Amino acid sequence: MTAPRSRFDITRPAGERLEAYVAKFTAKYEAGADVAGEARFIDALADRGSAILDGGCGTGRTGAALTQAGHRVLGVDRSPRLVEVARQYFPHARYAVRDLLEVSSVDLVDAGLPPRADVIVLAGNVMPCLAGGTERQVLENLRSLLAVGGRLVLGFRTDREYTVADLHRHQKELGLRELHRFSDWQLGSWREDAAWIVSVMTYEGTE
């Protein structure tokens, strides 16, 4: 199956935005900048040695930090270029080229994880960068990969095409229960005019 083009893919000429994104983060890595804010958030809510899927992992920073913290992590991204950079800078972590519509329990098992993850995280505006109209399908696929009682954590800007209202609707349709909602990765209190949403959800079904 050929995955539809994402919003990230179509907002600039081919390759231009991708290389700008790579340059932004590799500059941070080379400078020794702190890029583990989202990982600290996830580490705080996860049991030691949790199985974690880092969806839309980009150049690998979150999955690498969580691996360093002792978790079993697989980072996946649809871009071979971004996964290449992740492997270059963080060779201790596991990464795979996978679209979020297609990532499966087989991928988790192949990476040494159980078939369902304890935590799934989509940080860094992954949801608004998906192909328009696929967001619910992606959440449904991720729900199928989440251990019952596990945590699904999404963080994205609220001024993009995929909105907080869209997320709330999809949560209800898919039986995802929101446990916490913040305005940033530093546990800022939620407010309706917040520039970011960080939503922590669980799935308590048995399918």
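Everything numeric here is computed off the predicted structure, so don't read it as measured data.

Q: Looking at this structure, how should I read unusual backbone geometry?
A: The phi angle of most residues is negative, glycine excepted, and most peptide bonds adopt the trans form. Its identity is not glycine, yet N125 carries a phi of approximately 65°, on the positive side. Position of N125 among the secondary structure elements: in the loop between β4 (117-122) and α7 (126-129). With a relative accessible area of 10%, N125 lands in the buried category. Phi at L187 takes a positive value of approximately 65°, unusual for a residue other than glycine. Looking at where L187 falls in the secondary structure, it is placed in the loop between β6 (176-182) and β7 (196-203). What makes L187 exposed here is its relative accessible area of 51%.

Q: What is the right way to look at helix α4 (residues 61-68) in this model?
A: Because each turn of an α-helix spans 3.6 residues, side chains separated by three or four positions in sequence point in the same direction. In terms of residue burial, α4 counts as a mostly covered element, since 6 of its 8 residues are buried. Inspection of α4 places R61, T62, G63, A64, L66 and T67 among the buried residues, and these make up the whole buried set. Close packing links the buried residues of α4 with α2 (16-31), α3 (37-45), β1 (51-55), β2 (72-77) and β3 (94-97). Count one or two residues on from α4 and you reach G70, which has phi positive near 105°.

Q: Is there a simple way to explain the sheet that holds β1 in this structure?
A: Within a sheet, neighbouring strands are paired by backbone hydrogen bonds and run either parallel or antiparallel to one another. With respect to topology, 7 strands assemble into an open sheet ordered β3-β2-β1-β4-β5-β7-β6, the strand pairing being mixed. The open sheet terminates on both sides in strands that have one partner only, identified here as β3 and β6. Going across the sheet, the axis of each strand differs from the next one's by a mean of 20°, ignoring polarity. With 5 bridges joining them, β1 and β2 adopt parallel strand pairing. From the neighbouring strand, I52 faces β2, where its bridge partner is V73.

Q: I tried to follow the packing of aromatic side chains on my own but got confused; where do I start?
A: Aromatic ring pairs: the centre-centre distance and the angle between the two ring planes describe each pair. Per the stated rule, a full pass over the model turns up 7 aromatic pairs. Their ring planes at 80° and their centres at 5.9 Å tell us that F41 and F182 sit as a pair that is edge-to-face. A residue pair is termed long-range when its members are at least 10 positions apart, and F41 in helix α3 and F182 in strand β6 qualify at 141 residues. We note that F41, like F182, is buried. With centroids separated by 5.1 Å and ring planes inclined at 90°, the aromatic side chains of F41 and W185 adopt a geometry described as edge-to-face. Placement of F41 in helix α3 and of W185 in the loop between β6 and β7 is noted, with a sequence separation of 144 residues between them. This pair shows no difference in class: F41 is buried, exactly as W185 is. Taken together, the ring pairs connect Y21, F25, Y29, Y89 and F90 into an aromatic cluster. A cation sits over an aromatic face here: R181 above W190, 5.2 Å from the ring centre.

Cut-off values and rules
Residues numbered from 1 in each chain as written. Predicted model: local features only at pLDDT ≥ 70, side-chain atom pairs only at ≥ 80, totals over all residues. Heavy atoms only, no water. Helix = DSSP H or I, 4+ residues; strand = E, 2+ residues; numbered from the N terminus. Buried < 20%, exposed > 50% of the residue type's maximum accessible area, 1.4 Å probe, protein only. Contact = heavy atoms within 4.5 Å. Pairing = 2+ DSSP bridges. Axes fitted to C-alpha atoms, helices over the stretch in contact; angles between N-to-C directions. Phe/Tyr/Trp six-rings, centres within 6.5 Å; stacked < 30°, edge-to-face > 60°. Lys NZ or Arg CZ within 6 Å of the ring centre and 35° of its normal.

Read these as layout, nothing more, since geometry by itself doesn't imply function.
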